[in-house]
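Single-letter residue listing:
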Amino acid sequence: MNKVLILDFKGQYCQLIARRVRDLNVYSKILPADTGLEDIRKEEPGAIIFTGGPDSVYEEGALTIDKGIFKMGIPILGICYGAQLMAHLLGGKVAKADPSQSEYGRAEASFCDSALFKGLDKGIVWMSHTDYIEALPEGFKVCATTANCATAAIANEEKKLYGTQFHPEVQHTEHFKEIMKNFLFEVAKLTPDWTNENFIERSTEEIRAQIGDGHAILGLSGGVDSSVAAALVERAIGDRLTCIFVDHGLLRAGEAEEVEQVFKEKFSVKFIKIDARKRFLDKLQGITEPEQKRKIIGEEFIRVFEDAKKEAKGAKFLVQGTIYPDVVESGAKKEDVIKSHHNVGGLPEDVDFTIVEPLRNLFKDEVRSVGEKLGLPHHMVHRHPFPGPGLGIRVIGEITEEKLDILRRVDKIFIGMLHEKNLYDKIWQAFAVLPDIKTVGVQGDKRTYSYMVALRAVNSIDAMTAESYPFDFDFLTEAQNRIINEVPEVNRVVYDITSKPPGTIEWE
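Residues numbered from 1 in each chain as written. Predicted model: local features only at pLDDT ≥ 70, side-chain atom pairs only at ≥ 80, totals over all residues. Heavy atoms only, no water.

J.: Give me the lowdown on the overall build of the protein, citing residues and values where you can.
T.: For the protein, the helix and strand inventory stands at 14 helices and 21 strands. Considering only C-alpha atoms, the protein reaches an extent of 70 × 65 × 40 Å along its principal axes. Out of the 508 residues belonging to the protein, those deemed buried represent 57%. In the protein, 74% of the contacts between residues at least 6 apart in sequence involve partners at least 24 apart. Approximately 22200 Å² of the protein is accessible, and the part contributed by carbon and sulfur atoms is 47%. Across the protein, the centroid of the 64 positively charged side chains sits 2 Å from that of the 79 negatively charged ones. (Helix = DSSP H or I, 4+ residues; strand = E, 2+ residues; numbered from the N terminus. Buried < 20%, exposed > 50% of the residue type's maximum accessible area, 1.4 Å probe, protein only. Contact = heavy atoms within 4.5 Å. Areas by Shrake-Rupley, 256 points an atom, 1.4 Å probe, with all protein chains shown as cover. Lys, Arg positive; Asp, Glu negative; His and termini not counted. Charge placed at Lys NZ, Arg CZ, Asp CG, Glu CD.)

Structure (structure tokens):
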């Protein structure tokens, strides 16, 4: 399999670079910029991309890399800060631009003769920089210019080292796809083998090799990730898979019954439903801190699966629907953690299973695409994401039966309206949140002091970035009327318009 390593210098477009590469059917993997050379060699990449970043290469403490990487004979593309760092480490000079020469946003570039710009002579590019490459390293040439930047792109064609001061990964760059294609296929000579068919075949073989003739348990939630994981593992080991659905008391209204019915219609492997509501809620009693909630839920899932071993013929393997955004947000390093996903950073250290994660390298849209290829029904593949911790991270603060009941009723009204108005399939994820806030209201000419609820709906491709859905005001007005009239414990409804970043999709 071809592979592109993306070394992250804290660039805002890091995830977008990874997606651009995968969109061209080449596998990409993100690693921190300070990954050692030996670890990079072990990955056996066919090409490397340096991301942009907020640092200046000449300042103390700026992120850097062992310059031995340039002697590995691997094609490298440096973007923005990545290009400046390449020039700096190889003997060139990077300087701070005069404020009048800094570039942000749209610029027109002229391209010179270079493999990176094969078939292109000019185009609009997207700039974002205050530093620039003032002097080239030995062996490099200029291969793109703009009115304000004489070194908009540089290249050492012999060593296959390239740098762009602009961002070729963003759609604002006119020829973004052609430039990425040229780097992957003209320069690095990679093969576009990252396809659904190839992934399914490789994954099936890897699952068989890992599990052998053993038995496995799969923690089924009914969402797309665990459902696709179940389909892959069933394909690999057949009836040696047991799917366990845990009702942890944090599900939406009617969810347990719906998941059981849908799963039994589609799959032939053993299905076990476990009522663990009291067990989870007892563990969560009095807990308000989000990370602690996630870790408690993650550990308790493992303990439930361990208790269920007997019914799964002593299974030694636990299959999880972990996907790439879960891994990224849970942090490659402790200081990088955004939030611990219950199936990654929330796992306890003493797990009595070998973990199997067939989807660990996929973004959400790739999971959906694989699910369709495996023949899963549309409503299962395109179901809105629902987190493993469930309503436990949508009830803000302490979790109680009363709050869960309120939130279930609100959520049912909101999601029901999306179906009624034919909006459900136009939205990537929608849900309600119950903050630990009460507000003063007036209902029936009387003062009330009741809960506020928040509605959240976003569109996304891969869960790494997201934008709020632009509802008509009439829809939001009807939603708040119905919620307040049908859920008497609520007297205020707000709509969350925060994008990701700076927020996350879930509130906790």
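Having seen the structure, we can now continue with the description.
J.: An account of the packing of aromatic side chains is needed here, citing residue identities and associated values.
T.: Applying the stated criterion across every chain, the model contains 18 aromatic pairs. When the centroid spacing of 6.0 Å and the interplanar angle of 25 degrees are considered together, the rings of Phe-301 and Phe-305 count as stacked. Taken together, the residues span about one helical turn, with Phe-301 and Phe-305 both in helix α9 (residues 290–307) at a distance of 4 residues. In this structure, Phe-301 and Phe-305 share a single accessibility class: buried. The rings of Phe-414, Tyr-469, Phe-471, Phe-475 and Tyr-495 are connected pair by pair, giving a single aromatic cluster. In this structure, Lys-438 packs its charged tip against the face of Tyr-451, placed 5.0 Å from the ring centre. (Phe/Tyr/Trp six-rings, centres within 6.5 Å; stacked < 30°, edge-to-face > 60°. Lys NZ or Arg CZ within 6 Å of the ring centre and 35° of its normal.)

J.: An account of the environment of Leu-31 is requested, with residue identities and associated values reported.
T.: Structurally, Leu-31 can be placed in strand β2 (residues 27–32). Look at Leu-31 and you get buried, because its relative accessible area is 14%. Sequence spacing of Leu-31 and Pro-385 is 354 residues, and the spatial spacing of their C-alpha atoms is 26 Å. Ignoring any residue separated from it by four or fewer positions in sequence, one finds Leu-31 in contact with Leu-5, Ile-6, Leu-7, Asp-8 and Glu-43.

J.: Which residues make up the sheet that holds strand β12 (residues 216–220), and what values do they have?
T.: The 5 strands lie next to each other as β14-β13-β12-β15-β16, forming an open sheet whose pairing is parallel. The sheet terminates laterally at β14 (270–275) and β16 (354–356), the two strands that pair on one side only. Neighbour to neighbour, the strand axes of the sheet diverge by 30 degrees on average, direction disregarded. Relative to strand β13 (residues 241–247), β12 runs parallel, the two sharing 5 bridges. From the neighbouring strand, Ala-216 faces β13, where its bridge partner is Leu-241. On the sheet, helix α6 (residues 224–237) packs against β12, β13 and β15 (317–319) and is oriented at approximately 160 degrees with respect to β12. (Pairing = 2+ DSSP bridges. Axes fitted to C-alpha atoms, helices over the stretch in contact; angles between N-to-C directions.)

J.: Run through helix α1 (residues 14–23), naming residues and quoting values.
T.: Taken across its 10 residues, α1 has 8 buried, putting it largely inside the fold. Along α1, the residues that are buried comprise Cys-14, Gln-15, Ile-17, Ala-18, Arg-19, Arg-20, Val-21 and Arg-22. Of the residues one or two after α1, Asn-25 is the one with positive phi, at around 65 degrees.

J.: Describe in detail the pattern of salt bridges, supporting the description with residues and values.
T.: A complete count under the given rule lists 34 salt bridges for this structure. Residue Asp-365 pairs with Arg-19 through a salt bridge whose shortest N-O separation is 3.0 Å. Taken together, the positions of Asp-365 in helix α11 (residues 364–373) and Arg-19 in helix α1 put the pair 346 residues apart, joining distant regions of the chain. Shared partners join several salt bridges into a network, and the residues in it are Glu-420, Lys-421, Glu-478, Arg-482 and Glu-486. (Salt bridge = Lys/Arg side-chain N within 4 Å of Asp/Glu carboxyl O.)

J.: Would you mind going over the pairing of β13 in detail, with residue names and values included?
T.: Within β13, 7 of the 7 residues are buried, which leaves the element mostly enclosed by the surrounding structure. Burial along β13 is two-sided: Leu-241, Cys-243, Phe-245 and Asp-247 facing one way and Thr-242, Ile-244 and Val-246 facing the other are all buried. Bridging between β13 and β14 involves 6 bridges; their strand directions are parallel. If you follow Phe-245 over to β14, its bridge partner there is Lys-273. One crossover worth recording links β13 to the parallel β14 by way of helix α7 (residues 255–266), and it is right-handed. (Right-handed = clockwise from strand over helix to strand, strands pointing away.)

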